[in-house]
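Okay, here's what each chain looks like letter by letter:
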Amino acid sequence: MPNRQPNIVFVFSDQQRWDTVGCYGQSLPVTPHLDRMANDGVRFANAFTNQPVCGPTRAVLQTGRYATETGCWRNGIALKTNERTFAHALSDAGYEVGYIGKWHLASSNGDPAADFTTSAVPPERRGGWKDHWLAADVLEFTSHGYDGHLFDGGMRRVDFTGYRADALSGFAVDHLRALGRDRRRPFCLFVSYIEPHHQNDRGRYEGPDGSKERWRDYTPPGDLEGTVGDWRESYPDYLGCCHAVDAGVGRMRAELERLGIAGETLVVYTSDHGSHFRTRNDEYKRSCHDASIRIPMIACGPGFARGAVTESLASLIDLPPTLLRAAGATIPPGMRGRPLQDAGAGAPWRDEVFIQISESQVGRALRTPGWTYAVNAPGENGWLAGTADEYVEEFLYDLRADPHQRANLVDDPRHAGTRAEFAQRLAARMEEAGERPPRIITRAHAEP
């Protein structure tokens, strides 16, 4: 008889744009397994990150709270050891919890006692993933596109050879096979790839060998076409990375079928943020634009076996309560999101996603179905400050007329009323997230 509490397999890519996936419009056969998964489950057509940088968005996803609430508002700030994650809640509900891949929440810059960037993460810094652990805090520091190492639950080094995404997929399949032999209780396995993130120390995307030839005939996304950036040389390898992760999804779902537990397993796929290929600032993300914040999100299995498309706005902060609802576990009152089982089900649903931006700036944004509105704190260093008292309007995009966000309307007097409305809405969302009441200076009143 199927387990009343579904198993959960959560697959997480890194820096993957939504439009790399076929069911989101990619014309090349990059993601056949994700497309099949969307056909079997639910595709969230409008899904977004709440913080377009690696560490902070992982803190959001693990805790269901905004990055400034956890204190992890930029990279290099460790998640507090007493922070409750959805792994803790699932354990309390009887789940076996396991984690494979990139963690990025254990180390704090400048603190030698909390530097696990190239060493094993101790148990108290694993966010409650206590039953199985095979990970590296900053995986791009312990590996490259080919070859590298992780650390197991006993803090022992585990080397791998071959393409990195393939190796992680193999580790995940092996663990699923072991779980299938000993099915005493439901499990949650979190698989965190680094692909398609660029390789930091080499300054490039590292797809599997042959990617430049295999994926050379791509259609440039509309926001990139005609811009500078580095997408021309990078995009084929980027798609190759995405294809390798997709193959891993296929391997894991096939193993669930082989074990006879696919029907009682919820599989969720998403990413931490996207990539604008150095077209919006001097790196790849950390901006309010859809290239940075819009992500794929697909759920398949118990509660999501409909073959449906949900247009309601979804974000990463909604996933912890979604998983806990699916597991029949208690949703902590501090979680900010809402279970996605309610999206598109006739229940009232918000029409905006709140986004915090760090490192490149101290910025805030709202993404609605029709608009992007963003502000930043002039003079503040986004590496030194997580919040500010005063912000100035920076971007306004009419997405229905300008889906690729080419025409910034923030100085257009015809949209003064729209900007004033969004300033009020954004200030309210910032206060809801525990921030100090901000002063948002409209462009009409900003100093030149």
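For the structure itself, look to the data block above.
Residues numbered from 1 in each chain as written. Predicted model: local features only at pLDDT ≥ 70, side-chain atom pairs only at ≥ 80, totals over all residues. Heavy atoms only, no water.

Re the packing of aromatic side chains
Here the structure, examined in full by the defined rule, presents 25 aromatic pairs. A centroid spacing of 5.0 Å and a plane angle of 85° characterise the contact between Y99 and W103, whose relative ring orientation is edge-to-face. The same class applies to Y99 as to W103, namely buried. Through a chain of ring-to-ring contacts, three or more aromatic side chains come together here, namely F10, F12, F86, Y99, W103, W129, W133 and F190. The residue whose ring lies beneath R43 is Y24, and the NZ or CZ to ring-centre distance is 4.8 Å. The ring of W73 has R74 lying over it, and the distance from NZ or CZ to the ring centre is 5.3 Å. (Phe/Tyr/Trp six-rings, centres within 6.5 Å; stacked < 30°, edge-to-face > 60°. Buried < 20%, exposed > 50% of the residue type's maximum accessible area, 1.4 Å probe, protein only. Lys NZ or Arg CZ within 6 Å of the ring centre and 35° of its normal.)

Thoughts on the side chain of Q341
Within the fold, Q341 resides in the loop between α9 (319-327) and β12 (353-357). On the accessibility criterion, Q341 (18% relative accessible area) is buried. At 3.0 Å, the side chain of Q341 forms a polar contact with the backbone oxygen of T322. For Q341, the contacting residues outside a window of four places in its chain are F304, T322, R325 and A326. (Helix = DSSP H or I, 4+ residues; strand = E, 2+ residues; numbered from the N terminus. Polar contact = N/O pair within 3.5 Å; in protein donor to acceptor, adjacent residues only side chain to side chain. Contact = heavy atoms within 4.5 Å.)

Remarks on the sheet that holds strand β16 (residues 439-441)
Read from one edge of the open sheet, five strands run β12-β13-β14-β15-β16, paired in mixed fashion. In this open sheet, the two edge strands, each paired with only one partner strand, are β12 and β16. Strand-to-strand twist in this sheet, taken as the mean axis angle between neighbours without regard to direction, amounts to 25°. Relative to strand β14 (residues 371-376), strand β13 (residues 363-367) runs antiparallel, the two being bridged by five bridges. Opposite R364, over in β14, you have V375 as the bridge partner. (Pairing = 2+ DSSP bridges. Axes fitted to C-alpha atoms, helices over the stretch in contact; angles between N-to-C directions.)

Thoughts on the pairing of β13
Buried residues dominate β13, accounting for five of its five residues. Residue alternation in β13 divides its side chains into two sets, G363, A365 and R367 and R364 and L366, and both sets are buried. Direction of pairing for β12 relative to β13: antiparallel, over a ladder of five bridges. When the sheet's bridge partners are listed, V353 is paired in β13 with R367. Counted along the chain from β12 to the antiparallel partner β13, the turn is five residues long, and its residue E359 has a positive phi close to 70°. Where β13 hands over to β14, the hairpin turn is made up of three residues, counted between the paired strands.

Observations concerning helix α10 (residues 416-432)
With 17 residues, α10 ought to run about 24 Å at 1.5 Å a step, and its terminal C-alpha atoms sit 25 Å apart, in line with that. Among all positions of α10, only T418, R419, F422, A423, L426, A427, R429 and M430 are buried. For α10, the angular spread of the buried residues around the axis is 160°, confining them to a single face. Exposed residues pointing more than 90 degrees away from the buried face of α10 are listed as G417 and Q424. Where α10 is buried, its residues meet β12, β13, β14, β15 (390-398) and β16. One or two residues past the end of α10 sits G434, with phi positive at roughly 90°. (Expected span 1.5 Å × (residues − 1). Arc of directions from axis to C-beta.)

Structural notes on the pattern of salt bridges
In total, this model carries 38 salt bridges according to the counting rule given. Ionic pairing is found between R439 and E390, a salt bridge with its closest N-O pair at 2.8 Å. Here E390 lies in strand β15 and R439 lies in strand β16, a separation of 49 residues in the sequence. Since its relative accessible area comes to 52%, R439 is described here as exposed. Overall, the relative accessible area of 35% leaves E390 in the partly exposed class. What emerges from the salt-bridge pattern is a single network uniting D351, E352, E421, R425, R429 and E432. (Salt bridge = Lys/Arg side-chain N within 4 Å of Asp/Glu carboxyl O.)

Remarks on the environment of R400
Topologically, R400 is positioned in the loop between β15 and α10. For the pair R400 and G370, spaced 30 residues apart in sequence, the C-alpha separation works out to 5.8 Å.

Notes on the packing of helix α1 (residues 32-40) against helix α7 (residues 231-259)
Contact geometry for α1 and α7: axes closest at 7 Å, N-to-C directions at 50°. Judged by the angle between their axes, α1 and α7 are oblique. Listed contacts from α7 to P32, H33, L34, R36, M37 and D40 of α1 are H243, D246, A247, V249, G250 and R253. (Parallel < 35°, antiparallel > 145°, perpendicular 65-115°, else oblique.)

Looking at the side chain of T63
Relative to the helices and strands, T63 is located in helix α2 (residues 54-63). Accessibility expressed as a relative area gives 3% for T63, which makes it buried. One polar contact links the side chain of T63 to the main-chain carbonyl oxygen of A59, over a distance of 2.7 Å. With residues up to four places along the chain from it excluded, the contact list for T63 reads T70, L79, E83, R84, T85 and M335.

Here's the deal with unusual backbone geometry
Keep in mind that most residues, glycine aside, have a negative phi and that most peptide bonds are trans. Cis geometry is found at the peptide bond from E195 to P196, where omega equals 5°. Positioned with a positive phi, Q405 is a non-glycine residue whose angle comes to about 55°.

Details of the packing of helix α5 (residues 164-181) against α7
At a minimum axis separation of 9 Å, α5 and α7 run at an interaxial angle of 15°. Looking at the two axes, α5 sits roughly parallel to α7. When the axes of α5 and α7 are compared, the crossing they make is right-handed. Across from A165, D166, S169, G170, A172, V173, L176, R177 and G180 in α5, the residues of α7 making contact are A244, V245, G248, R251, M252, E255, L256, R258 and L259. Its residues assigned to classes, the contact of α5 with α7 comprises nine nonpolar, four polar and five charged. (Left-handed = near helix turned anticlockwise from the far one by under 90°. Nonpolar A, V, L, I, M, F, W, Y, C, P; charged D, E, K, R; others polar.)

By themselves these figures say nothing about function.
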